[in-house]
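Descriptive structure summary
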Amino acid sequence: MKTYSPYDNLAKRAYPAILVTTSFNDSQVMYWEPAKYVARLRTLKTDSNPLLLKVKMDPAGHGGASGRYDRLHDTAFEYARLLGQVGIGK
Amino acid sequence: MAVRHWILLGLVSAKMLSSQTPPTAPRVEHREVRHGAAVTDDYFWLREKSNPKVTQYLEAENAYTAAITKDLQPFSDALYKEMLGRIKQTDLSVPTPNRGYLYYSRTEEGKQYPIQCRRKGNMEAPEEVLLDLKFEEIYNDKDELYDIDISKSRDRQYLFLQSEAKDTSETRYLRADRPAGDFSVFLPRAKGHRYYLDHREGLFYIRTSLRLHEDL
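The structure reproduced in this document is the subject of the present report. (Residues numbered from 1 in each chain as written. Chains lettered and ligands numbered in written order. Predicted model: local features only at pLDDT ≥ 70, side-chain atom pairs only at ≥ 80, totals over all residues.)

On a plain count of helices and strands, chain A comes out with two helices and two strands. Across chain A, helices and strands are ordered from the amino to the carboxyl terminus as β-α-β-α. Viewed in the frame of its principal axes, chain A has a C-alpha envelope of about 40 × 35 × 20 Å. Nonlocal contacts in chain A, meaning residues at least 24 apart in sequence, comprise 69% of its contacts between residues at least 6 apart. (Helix = DSSP H or I, 4+ residues; strand = E, 2+ residues; numbered from the N terminus. Contact = placed C-beta atoms within 7 Å.)

Below, the structure written as structure tokens:
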């Protein structure tokens, strides 16, 4: 497990632009796993690509927001960020 | 007045600058041995969910993300509208026949959650709403380590409401022909004890992780 643990395998090197998402109240993947990943990566990455962490503090679980419209807003944000990074902005 | 404006401007730009700078999480030395290997983890403290410093750090990360992505909102909104435009918002699942009823769930435009319904015999019969997820909260397990699910016994006589964590479970039961009643706890949760319930012809059957007799 140590060989594939994302947190334990962070290294001093360049990383691409990263958006990490999580829910404070996810009962299966604890919020601190992505939070620790981001906190530690900030001290190691040698590039200047943006590293972002988005934590849902409002009620949301393992699958993100539970309502279908809220969930679609989250998906739209992720697509917008992803497309924006490859130069598609509208 | 001119001086005051200067100070105000100074504060605003300092704030904007700080939200454009990635937050730094404090480091707290932590060492432990896992499976014989020494582990150091300076961010171990982030698991202290009720520690205000944890919330502070997470909120700083959120503020940074909001600052970096603030120009993204119109594009994000446009994508939302485009995707929403491809979804039939008022819709119906394919009805499933079961013991004389047709069961289906349907969504209404503007409503976040589906409504579970059934009709007797055919789809022209009057609709019976079984569960409107917007309004109903059957049971809320306050312990966040537990997941809940609902099922029925194999003989369909009882509803079971199961709370389950990694190594512990607890089942509540309710007669299926009196669904408006209250669930009763079958056996209170005890750490390390997992059990599963079933029912047939007046008898409850239990599968348990406990050794019930020493000679087993």
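One finds Ala35(A), Val38(A), Ala39(A), Leu53(A), Ala25(B) and Leu46(B) to be the most contacted residues of the largest nonpolar core, which totals 15 residues. Elements supplying a minimum of two residues to this core: α1 (32-44) and β2 (51-56) of chain A together with α2 (52-68) of chain B. The biggest single contributor to this core is α1(A), with five residues. Sequence-distant contacts of Val38(A), defined by excluding residues within four places in its chain, comprise Val20(A), Leu51(A), Leu53(A) and Glu61(B). With six residues, the next largest nonpolar core counts Tyr158(B), Leu159(B), Phe160(B) and Leu161(B) among its residues. (Core = buried A, V, L, I, M, F, W, Y, C linked by C-beta atoms within 7 Å. Buried ≥ 20, exposed ≤ 12 C-beta atoms within 10 Å, placed from the backbone.)

Each side of the interface is counted separately: chain A has 31 residues, and chain B has 25 residues. Contributions of two or more residues to the side of chain A that touches chain B are made by α1, β2 and α2 (68-85) of chain A. At eleven residues, α2(A) tops the list of elements feeding residues into the side of chain A that touches chain B. Each residue belonging to the side of chain A that touches chain B can be placed in one class, and the counts come to 17 nonpolar, six polar and eight charged. (Nonpolar A, V, L, I, M, F, W, Y, C, P; charged D, E, K, R; others polar.)

A few words now on α1(A). Between its first and last C-alpha atoms α1(A) spans 18 Å; for 13 residues at 1.5 Å apiece the expected length is 18 Å, and the two agree. Regarding α1(A), the residues found buried are Trp32(A), Pro34(A), Ala35(A), Lys36(A), Tyr37(A), Val38(A) and Ala39(A). Check the buried side of α1(A) and you find it contacts β1 (18-23) and β2 of chain A together with α2 of chain B. (Expected span 1.5 Å × (residues − 1).)

Looking now at the pairing of strand β1 (residues 31-34) of chain B. Pairing of β1(B) with strand β2 (residues 37-40) of chain B, which is carried by four bridges, proceeds in the antiparallel orientation. Note that in β2(B) the partner of Glu32(B) across the bridge is Val39(B). (Pairing = 2+ DSSP bridges.)

Interpretation in functional terms is not warranted from these geometric data alone.
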